[in-house]
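Spelled out, the chains give:
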Amino acid sequence: MKKLLISFLLASFLFTNAYPKNDLYEKIDLFGEVLDNIKKDYVDDVDQAEIMDSAINGVLQSLDPYSAYMSPELFKEMQTDTRGEFGGLGIEIGMESGVVKVISPIDDTPAARAGIKAGDYIVKIGNEQVQGKSLLEAVKLMRGPVGTSINLTVRRKNVKKPLEFKIERKIIEVQSVSAKAIGKEKNLGYIRLKSFNENSDKQFLKSIKEFEKKTKIKGYVVDLRNNPGGLLTQAINITDFFLDDGEIVSTKGRRISETRKFFARKGDEIKGKPIVILINNGSASASEIFAGALKDHKRAIIIGENSYGKGSVQSVIPLRNGGGMRLTISKYYLPSGKSISEVGVTPDILVKEEGEDFKINSEKDNQLDYAVKLFNS
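Each value, and the rule that gives it
Residues numbered from 1 in each chain as written. Predicted model: local features only at pLDDT ≥ 70, side-chain atom pairs only at ≥ 80, totals over all residues. Heavy atoms only, no water. Salt bridge = Lys/Arg side-chain N within 4 Å of Asp/Glu carboxyl O. Buried < 20%, exposed > 50% of the residue type's maximum accessible area, 1.4 Å probe, protein only. Pairing = 2+ DSSP bridges. Helix = DSSP H or I, 4+ residues; strand = E, 2+ residues; numbered from the N terminus. Arc of directions from axis to C-beta. Contact = heavy atoms within 4.5 Å. Phe/Tyr/Trp six-rings, centres within 6.5 Å; stacked < 30°, edge-to-face > 60°. Lys NZ or Arg CZ within 6 Å of the ring centre and 35° of its normal. Patch = residues over 30% accessible without salt bridge, like charges linked within 9 Å, V, L, I, M, F, W, Y side chains within 5 Å. Areas by Shrake-Rupley, 256 points an atom, 1.4 Å probe, with all protein chains shown as cover.

Section: the pattern of salt bridges
Here's step 1: For the structure on display, the rule yields 13 salt bridges.
Here's step 2: The closest approach of N and O atoms between Glu168 and Lys170, which form a salt bridge, is 3.7 Å.
Here's step 3: By relative accessible area, Glu168 is classed as partly exposed at 35%.
Here's step 4: Residue Asp240 is joined to Arg265 by a salt bridge in which the shortest nitrogen-to-oxygen separation is 2.9 Å.

Printed below as a string of structure tokens:
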């Protein structure tokens, strides 16, 4: 097992040309010495296979927050990610400076109903401290049999004491699109897009066509708040509904095959009607592509708070032991050439959530109220 990891580390470092060869072999020897000392002198017996897994994961997570190793068991569990149905709490998480951070709770899921918010830091899952665990290890801890409960302890900005939530695990069925007419005269089409999964574009287009049959609809509010993203193809398809031409997004990676540009096809489904897009800190990835592209093309006004800033593409690579690895292979760039990564999309009009009883798409939603008033100004 030690030889396997040393070979892995050597191949990784040689591939990146991070060190001269002599320094590389010194590092490999040093690693072997550390392992021998752990085996001989560490206070407790340790599972060397687990140490190797942690070392492999450490190599990947040193690259960025989204690259990670998955054991065979975890890799099998991760196969359910973008199919619109999975077991768990309904929460999208990421890593920030070695800490697990909530990207967004998904609407109408146990996490959202319990009061988990975008930007919360998860410090404890059940009785397990999260510090030092990988992102995928944290995901595994939160998953479990449907109907069982788990306690999450979180730290929240501007709240002194940690908050505790008891959340029951359920099958999460993500209905990604909901729509209704809003405004005093019901002349605005409101479309809430919760995620970009396999059927989002079809659901979204159906909502548009139903609105367009109503001649009094004068504009649209597209709500991407707490939308953690999803499939790149879906982000491109839905953005294309509102553009006649021009670039939507580009990806740039080390390989030529990962450097691509995607363009809109002719045909604006709403024939130039004005659009307001709502975003917040929980709007990530595909949400940022959609909002950023329409902002760059001056096709929409963006209202709310700065988005999350996840602008990279991960590839899932199966490994010979039955496990897998997530590896960042390219980054997204908006039509302006700007990267989303670690920066996000800045709203045209900054409107922060107001009040402790703030709730998306409710009478207490000051951001949505602002969007509606904008159409009447």
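Comments concerning the sheet that holds strand β19 (residues 349-350)
Here's step 1: The strand order β10-β11-β12-β15-β16-β19 describes an open sheet built from 6 strands, whose pairing is mixed. The sheet is open, and its two edges are formed by β10 (177-182) and β19, each paired on a single side.
Here's step 2: Sheet topology places strand β12 (residues 219-223) next to strand β15 (residues 275-279); 4 bridges connect them, and they run parallel. Each residue of the ladder has a partner; that of Val222, found in β15, is Ile277.

Points about helix α6 (residues 135-142)
Here's step 1: If you check which residues of α6 are buried, you get Leu135, Leu136, Ala138, Val139 and Met142. Down the axis of α6, the buried set is contained in an arc of 155°. They therefore lie on one face.

Topic: helix α8 (residues 232-240)
Here's step 1: Counting buried positions over the 9 residues of α8 gives 7, a clear majority of the element.
Here's step 2: For α8, the set of buried residues is Leu232, Gln234, Ala235, Ile236, Ile238, Thr239 and Asp240.
Here's step 3: Where α8 is buried, its residues meet β11 (188-193), α7 (200-212), β13 (247-253), β14 (260-263), α9 (286-296) and β18 (324-333).

Focus on the packing of aromatic side chains
Here's step 1: Summed over the entire model, instances satisfying the criterion amount to 4 aromatic pairs.
Here's step 2: Residues Phe242 and Phe290 carry aromatic rings whose centres are separated by 6.0 Å and whose planes lie at 75° to one another, so their mutual orientation is edge-to-face. Here Phe290 lies in helix α9 and Phe242 lies in the loop between α8 and β13, a separation of 48 residues in the sequence.
Here's step 3: Residue classification places Phe242 among the buried positions, given a relative accessible area of 1%.
Here's step 4: For Phe290, a relative accessible area of 0% puts it in the buried group.
Here's step 5: Cluster of aromatic residues (ring-pair linked, three or more members): Phe204, Phe241, Phe242 and Phe290.
Here's step 6: Cation over ring: Lys252 sits above Tyr333, and NZ or CZ is 4.7 Å from the ring centre.
Here's step 7: Sitting over the face of the ring of Tyr66, Lys310 holds its NZ or CZ atom 4.8 Å from the ring centroid.

Some thoughts on a nonpolar patch on the surface
Here's step 1: A cluster of nonpolar residues, Tyr42, Val43 and Val46, forms a patch on the protein surface that exposes about 300 Å² of accessible area.
Here's step 2: Topologically, Val46 is positioned in the loop between α2 (21-41) and α3 (48-61).

A closer look at unusual backbone geometry
Here's step 1: Phi at Asn226 takes a positive value of approximately 60°, unusual for a residue other than glycine.
Here's step 2: Its relative accessible area of 11% is what places Asn226 among the buried residues.
Here's step 3: The phi dihedral of Lys271 is positive, around 55°, even though this residue is not glycine.
Here's step 4: Within the secondary structure layout, Lys271 lies in the loop between β14 and β15.

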